[in-house]
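Structural characterization, general
This is what each chain is made of:
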Amino acid sequence: MAAFCTPAATAASHGTPTPLTSSRRHIALCHSPKASGGAGGAGQKRLASVTTQVRALAPATAAEEAAGPSPVNVEYLAAEFAGHGVTFEPVGDSCAVKMALRNGSAAHLLLPSGLVTSYKPAMWHGTVTEVIHTKVAEGPGGRAVIRGGVSVDLHCARAAGGGGWSPSGAWSLRDVRGNPTTFIEIELASAAPGGAAEARCVVTLRPEALDTELAVTNSAASPMALSAVVSNHLRVSTPDATYALGLQGSDYRSVEPALSEFSIIPPDYGAGRSAAETARHRWANKGFDMVLSGVRERGAADEPDGEEDDDYKHMTEAMCRVYSHAPREFTIIDRGRRNSVCLHRKGFEDLYLFSPGSQYQWYGKYAYVTIGPAMLEPVVLGPGDRWQGAQRLRNPNL
């Protein structure tokens, strides 16, 4: 991904990576209206400079959740986008997009959710290793749902009570590019009703990495607040054998886990926390949705809880933190599986880190940690503005 090879792009706050490759085709799977085009300027401002209240996206109704997504036409996608090292398979009402490179690296992505459910990079010893953690759970209406993986959570909200929008669960396949030798690129798109905003997500499988590039364009005539987090559920032997390298000197805030339809949170997480601790964390008791709620409890959020003093952070204890002023790249090492993953981010100021703790079974359903780029405060996009961000999961073991 060229964006990670351009040092100048990472120098400024909310740096703008290289624009995403233009599309040749757009296949609408989820019946979402097409957004108008809209070249963006770089006039992005922090939410603190906006005095108007921002209202969060209203949740889906119970009937909408129980109905589930519309079935995807897998046969059509296979006929239209076959080749490039990509195959398509039905999974219930969803479609699994399977990417495979000749060096053995592979990744799976679900439509229309956009959830990456598997990433198996090639290793130095000649085999592949799964680094993504998922589990199957019961969802609304009794449907089986997959949780965990690599998920993108974008929320857009209008000022002055203008409502909000999120592309979650409504991604369409726009294009497939590349070849099994060098890279495979899957481009997804989603549009807000009436073409007020458009989001693009490009997932690229490379021999040594899995990249996720995001772009959100405000096509309306009024400002829009954007909040984003990418959650990477990484499979580990146990958090007791897992370490985060490179966070020393970063400020951190203890928060509640970021909740989304793909989150994996143990049901007893935080059960032993005292009332004082609960009050101290109240500013983030809705995860990252707090920043769109319009409730600016800044007393707790302005000052960090502390500074990380360990460059080899042991993740054995249950914890949920957002790190600020953190390095653009850091590494998760699992000594039990003898594996490591490097995370590089662009366009995101903050870093999310969650460990369920080590009291659960080794290699079980809670043997994972969650990391990812995040925003403690939304970015405000003016009319025509575009925000871009990216992450790379790099395999240093090739």
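Below, the structure is looked at part by part. Note that this is a predicted model, so its numbers are computed, not measured. (Residues numbered from 1 in each chain as written. Predicted model: local features only at pLDDT ≥ 70, side-chain atom pairs only at ≥ 80, totals over all residues. Heavy atoms only, no water.)

1. Observations concerning the overall build of the protein
Rules: Runs of H or I in DSSP of at least four residues are treated as helices and runs of E of at least two as strands, each being numbered from the N terminus. The cut-offs for exposure are 20% and 50% of the maximum accessible area for each residue type, with area from a 1.4 Å probe on protein chains only; residues under the lower value are buried, those over the upper are exposed, and the others partly exposed. By definition in these notes, contact holds between two residues if any of their heavy atoms fall within 4.5 Å. Method for areas: the Shrake-Rupley scheme with a 1.4 Å probe, in which residue coverage is limited to the protein chains shown.
Check the secondary structure of the protein and you find four helices and 25 strands. Counting every position in the protein, which comprises 398 residues, the buried fraction comes to 53%. Excluding contacts between residues fewer than 6 apart, the proportion of contacts in the protein whose partners are at least 24 apart in sequence is 72%. Approximately 16,300 Å² of the protein is accessible, and the part contributed by carbon and sulfur atoms is 52%.

2. Describing the sheet that holds strand 12 (residues 197-206)
Stated formally: Two strands make a pair as long as DSSP finds a minimum of two bridges between them. Fitting a line to C-alpha atoms yields each axis, with helices limited to the stretch in contact; the angle taken between N-to-C directions then spans 0 to 180 degrees.
Across the sheet, which stays open at both edges, the nine strands sit in the order 10-11-12-13-25-21-20-15-18 with antiparallel pairing between neighbours. The two strands at the open ends of the sheet, each matched to only one other strand, are strand 10 (172-179) and strand 18 (312-314). Each adjacent strand pair in this sheet contributes to an overall mean axis angle of 15°, direction not counted. In the sheet, strand 10 pairs with strand 11 (residues 183-191) via seven bridges, with the strands oriented antiparallel. What sits directly across from N179, in strand 11, is F183.

3. So, the packing of aromatic side chains
Heads up, the rule is: When two rings of Phe, Tyr or Trp (its six-membered ring) have centres within 6.5 Å they constitute a pair, described as stacked for plane angles under 30 degrees, edge-to-face for angles over 60, and tilted for the intermediate range.
Applying the stated criterion across every chain, the model contains seven aromatic pairs. An angle of 85° between the planes, with centres 5.2 Å apart, marks the rings of F348 and W387 as edge-to-face. In this pair, F348 is assigned in the loop between strand 21 (339-346) and strand 22 (350-355) and W387 in strand 25 (residues 386-394), connecting sequence segments 39 residues apart. A relative accessible area of 0% places W387 in the buried class.

4. Digging into the pairing of strand 14 (residues 224-235)
Taking burial as the measure, the 12 residues of strand 14 include 11 buried ones, the bulk of the element. Bridging between strand 8 (residues 150-158) and strand 14 involves nine bridges; their strand directions are antiparallel. Counted as the bridge partner of H155 is S227 from strand 14. Examined bridge by bridge, strand 14 and strand 24 (residues 379-381) share three bridges and lie antiparallel to one another. Within strand 24, the residue paired with M224 across the bridge is L381.

5. Brief notes about unusual backbone geometry
The residue after L111, namely P112, is reached through a cis peptide bond having omega 10°. Along the chain, P112 falls in the loop between strand 4 (106-111) and strand 5 (116-120). Here H84, not a glycine, exhibits a phi torsion of approximately 60°, which is positive. Inspection of the secondary structure assignment puts H84 in the loop between helix 2 (74-81) and strand 2 (86-91). Assessed through its relative accessible area of 28%, H84 is described here as partly exposed. With phi around 55°, H325 is a residue other than glycine that occupies positive phi space. When you line up the elements, H325 lands in the loop between strand 19 (319-324) and strand 20 (329-334). With relative accessibility at 64%, the residue H325 sits in the exposed group.

6. Digging into the side chain of H155
The criterion, for reference: N or O atoms closer than or at 3.5 Å make up a polar contact, with two conditions inside protein: a donor-capable atom paired with an acceptor-capable one, and, for residues adjacent in sequence, both atoms drawn from side chains.
By secondary structure assignment, the location of H155 is in strand 8. Side-chain polar atoms of H155 contact the side chain of D153, separated by 2.9 Å.

7. A short note on the pattern of salt bridges
Pairing between side chains becomes possible if they bear opposite charge and their charged atoms approach one another. For clarity, the threshold we go by: Salt bridge criterion: a side-chain nitrogen from Lys or Arg within 4 Å of a carboxyl oxygen from Asp or Glu.
For the coordinates displayed, the defined rule picks out 12 salt bridges. Notably, a salt bridge pairs K98 with E89, separated by 2.9 Å at the nearest N-O pair. Residue classification places E89 among the partly exposed positions, given a relative accessible area of 36%. The shortest N-O distance in the salt bridge between R177 and E187 comes to 2.9 Å. Of the two residues, R177 sits in strand 10 while E187 sits in strand 11, which places them 10 residues apart along the sequence. Per residue, the accessibility class of R177 equals that of E187, and both read buried. A cluster of three or more residues bridged by salt bridges with shared partners is formed by R174, D175, R177, E185, E187, E198 and R200.

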